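In case you want the letters, here they are:
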Amino acid sequence: MDQLSNLTLYVTFFFALYFEVFMLINFFEKRISIQTEEARTPEVFPSVTIIVPVFNEERTVTKTVFSLLKLDYPKDRLKIIIVDDGSTDSTPAIIRRFRVHRRVEIIRKPNGGKYTALNAGLAITNTDLVGCLDADSFAPPDTLKKIIPYFENEKTMAVTPAIKIHRPDGFIRHVQSNEYNLGIFMKKCFSIIGAITVTPGPFSIFRKEVFDSLGLFHEAHNTEDLEIAMRMQKNRYKIANAHTAVVYTTGPATLPKLYRQRVRWIYGFLANTIDYRSIFFKRKYGHLGLFTLPAAIASIILFFISAGMILWNIFVMVEKKITEIQSVGLRFHWPDFQFDWFFLNTDSKTFLSVVLFAATVSLIMYGRKISEKKTRLSVHTLYFPFVYTLFSILWLSRATYAVTFSKKIGWR
Amino acid sequence: MINNWKNYVYAFVITVGIFVTAFYLGNYFGDRKIDELRATESRIALDILSAETQFALLGELSCPEAQNSVLSRELDSLGEKLDYSEEKFGADNPEVLELKKQYSLLEIKDYMLIKKLKDCPKQPITILYFYADDCPDCEKIGHVLTYLREQYPELRIYSFNYNLDLSALKTLASIHNVREKFPVLVIKNKLHTGFKTIDEMRALLPELNTATSTSATPND
């Protein structure tokens, strides 16, 4: 058991470290061209439509639409379509106020799910570019201008932004804030190696022709933003990442809500990956088919094995403590503690954990640095790896269970 | 179309480099720990040899002098470190095994020295404790003994792994008629087997209650 547990831990460490090192190498190799990207400003202003799908979003939709109206972009080149997917609260009344803006169009349709709302918007879109902004998110004025230069490359068919949690408050949102910063770095690296598998709902911008040639959004296990990216990859369309184009999202405030969101995402990722399994191990899909997708699946498997080992070790520890309590009773006493380096854990696993921890923290800080030019280390970043691992056990297990036994995962 | 395949190799080399460094550090500090144990053992061996020589020279020592020369406290801390090392490096690690044997010998010698102090006023109370591998009751009584040792500093517990392949230990065990039923405690030359609660132990050692107890006053 000990031998096996050691072996799995080493394999997991190797795998995780390899992945992070690989990402860092790719990032540093391209850091000069990343800096040039940042300096670009648009030379032409293609026409853009932003679709805002709303369903019972009375509290946040105003802020979302206002942020679009305030975008620093030629007014005659930007159109906004609000698609009310059969809201039952005061959302219809709230969005009606935006009718005074000539750039805003409002569609109301019976409820059919987010992808149907997006498709309804796409049906009346006739601009060069089209994007979507979820009603729980909003974009600062300069975001679109930072995305547009990426379309100067004719091969780029979609551009994803850098998503951040807006003014994180509370423990759960701080955890997500770090996760999103890590995501910003990862997305940048994935875009460098051409392996982006999600064009997120908040403010991913596509060329309209993507939908003309590949078709509209699909239901796609409630993760249409994942499926469209995979479909584009399957057809070898280039997806770029504008890491300075910040979009703010609110993020669930409580663990149960976060749990439901993550189960839906991971379920969507796994189910869509199964649907697009033909990408796996094919040379023509490059790093995505040969490395990142297989690595994602392998990491989930390794994660489960390691988590199982850790839980087993905790169980053994608890069992030992129970034996102690059985033999001498419950004693709260601190032995006269004298520091002796001898009892410091100095085995190789400790050093590997330290390296892995440092690497993860630096990826998060890089994510923060490239998106908002801030490098201060936050205390929330330090506990994030531990808390996030524990949380991940919850939603990974649930989502994997659902995929394995073909259980449906709902939206809310 | 993709030209950065070589990064896989670079990443591999760097990751292997990190692993090699980690293993090197792990081994380095492991060796240092073993060295420290070895140094402690030879120091204790030297002190015991010196005490034995004093006995041989004088025939008999004055009590305080002799008590000073006995190093049970240091043996205790060495024992803790050995337990920790067994857990970390594995009980079948040849170096740990060798250190463990030497430690058992030192315990026996210390015990023999203590026995010679029979007539001194503050005579330590001794317990010989034999345990074996795969013995759930041993783990439990281990906690009881640790507790007692913390509470009563004058108590000297010598613990021996019966499965250790050491002839001196086998002799000690056979003198006290220790057989295949563990845990075994030898208190005042009497054999006690099986788990004992703290209260049962106190009943076996009535002099503990009269002695200066409470962990708050370390008197050594």
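Below is a summary of the structure that appears in this document.

Here the focus is helix 3 (residues 61-69) of chain A. Because each turn of an α-helix spans 3.6 residues, side chains separated by three or four positions end up pointing in the same direction. Judged by how many residues are buried, helix 3 of chain A sits mostly within the fold: 7 of 9 residues are covered. Inspection of helix 3 of chain A places Val 61, Thr 62, Thr 64, Val 65, Ser 67, Leu 68 and Leu 69 of chain A among the buried residues, and these make up the whole buried set.

Let's shift gears to the state of the cysteines. Residue and element names in this part refer to chain B. A complete count under the given rule lists 1 disulfide over all chains for this structure. Across the disulfide, Cys 135 is cross-linked to Cys 138 (sulfur-sulfur distance 1.9 Å). Judged by the sign of its S-S torsion, about 85°, the bond between Cys 135 and Cys 138 is right-handed. In this pair, the class of Cys 135 matches that of Cys 138, namely buried.

Next up on the list: the sheet that holds strand 6 (residues 156-165) of chain A. Residue and element names in this part refer to chain A. Judged by pairing direction, the sheet is mixed, and its 8 strands sit side by side in the order 3-2-1-4-7-6-8-5 without closing on themselves. Here the strands that pair on one side only, and so sit at the sheet edges, are strand 3 (104-109) and strand 5 (137-138). Relative to strand 2 (residues 78-85), strand 1 (residues 48-54) runs parallel, the two sharing 7 bridges. Each residue of the ladder has a partner; that of Val 54, found in strand 2, is Asp 84. On the sheet, helix 12 (residues 348-372) packs against strand 6 and strand 8 (238-249) and is oriented at approximately 85° with respect to strand 8.

We now examine a nonpolar patch on the surface. Taken together, the side chains of Ile 310, Leu 311, Ile 314, Val 318 and Ile 322 of chain A present a nonpolar region at the surface, about 430 Å² in accessible area. Checked against the element boundaries, Ile 322 of chain A lands in helix 11 (residues 286-328).

It is worth spelling out empty space enclosed by the protein at this point. Residue and element names in this part refer to chain A. One pass over the full model with this rule turns up 3 cavities of 30 Å³ or more. By volume, the second largest cavity is sized at about 50 Å³. If you trace the second largest cavity, you find it lined by Lys 114, Leu 118, Cys 132, Thr 199, Pro 200, Gly 201, Phe 206, Phe 217, Glu 224 and Asp 225. Of all the secondary structure elements, the ones that give two or more residues to the lining of the second largest cavity are helix 5 (114-123) and helix 9 (224-234). Class assignment of the residues belonging to the lining of the second largest cavity gives a composition of 5 nonpolar, 2 polar and 3 charged.

Residue and element names in this part refer to chain A. Counting buried residues along strand 8, 10 of its 12 residues qualify, which places the element largely inside the surrounding structure. Here strand 5 pairs with strand 8 via 2 bridges, running antiparallel. Its bridge partner lying in strand 8, Ser 137 is registered against Thr 249. Across 8 bridges, the pairing between strand 6 and strand 8 is parallel. Bridge pairing in strand 8 links Ile 165 to Thr 249.

Let us now look at the nonpolar core. Residues Met 23, Phe 190, Phe 211, Met 232 and Leu 352 of chain A are the most contacted members of the largest nonpolar core, which totals 87 residues. The element contributing the most residues to this core is helix 1 (residues 2-29) of chain A, with 11 residues. The residues touching Met 23 of chain A, leaving out its near neighbours within four places in the chain, are Phe 185, Met 186, Cys 189, Phe 190, Ile 193 and Thr 292 of chain A. Listed in part, the 39 residues of the second largest apolar core include Val 328 of chain A together with Cys 138, Ile 157 and Ile 187 of chain B.

Before going further, it helps to examine unusual backbone geometry. Looking along the chain, the bond that leaves Phe 182 of chain B and enters Pro 183 of chain B is cis, with omega of 0°. Its identity is not glycine, yet Ala 220 of chain A carries a phi of approximately 50°, on the positive side. Even without a glycine there, the phi angle at His 221 of chain A is positive, about 55°. Locating His 221 of chain A in the fold gives a position in the loop between helix 8 (208-214) and helix 9.

Cut-offs used in this document
Residues numbered from 1 in each chain as written. Chains lettered and ligands numbered in written order. Predicted model: local features only at pLDDT ≥ 70, side-chain atom pairs only at ≥ 80, totals over all residues. Heavy atoms only, no water. Buried < 20%, exposed > 50% of the residue type's maximum accessible area, 1.4 Å probe, protein only. Helix = DSSP H or I, 4+ residues; strand = E, 2+ residues; numbered from the N terminus. Disulfide = S-S within 2.5 Å. Pairing = 2+ DSSP bridges. Contact = heavy atoms within 4.5 Å. Axes fitted to C-alpha atoms, helices over the stretch in contact; angles between N-to-C directions. Patch = residues over 30% accessible without salt bridge, like charges linked within 9 Å, V, L, I, M, F, W, Y side chains within 5 Å. Areas by Shrake-Rupley, 256 points an atom, 1.4 Å probe, with all protein chains shown as cover. Salt bridge = Lys/Arg side-chain N within 4 Å of Asp/Glu carboxyl O. 1 Å grid on protein atoms, 1.4 Å probe; cavity = no way out; pocket = protein on both sides within 12 Å on 5 of 7 lines; lining within 4 Å. Points joined across faces, edges and corners; volume = space filled by probe spheres on them. Nonpolar A, V, L, I, M, F, W, Y, C, P; charged D, E, K, R; others polar. Core = buried A, V, L, I, M, F, W, Y, C linked by side-chain atoms within 4.5 Å.

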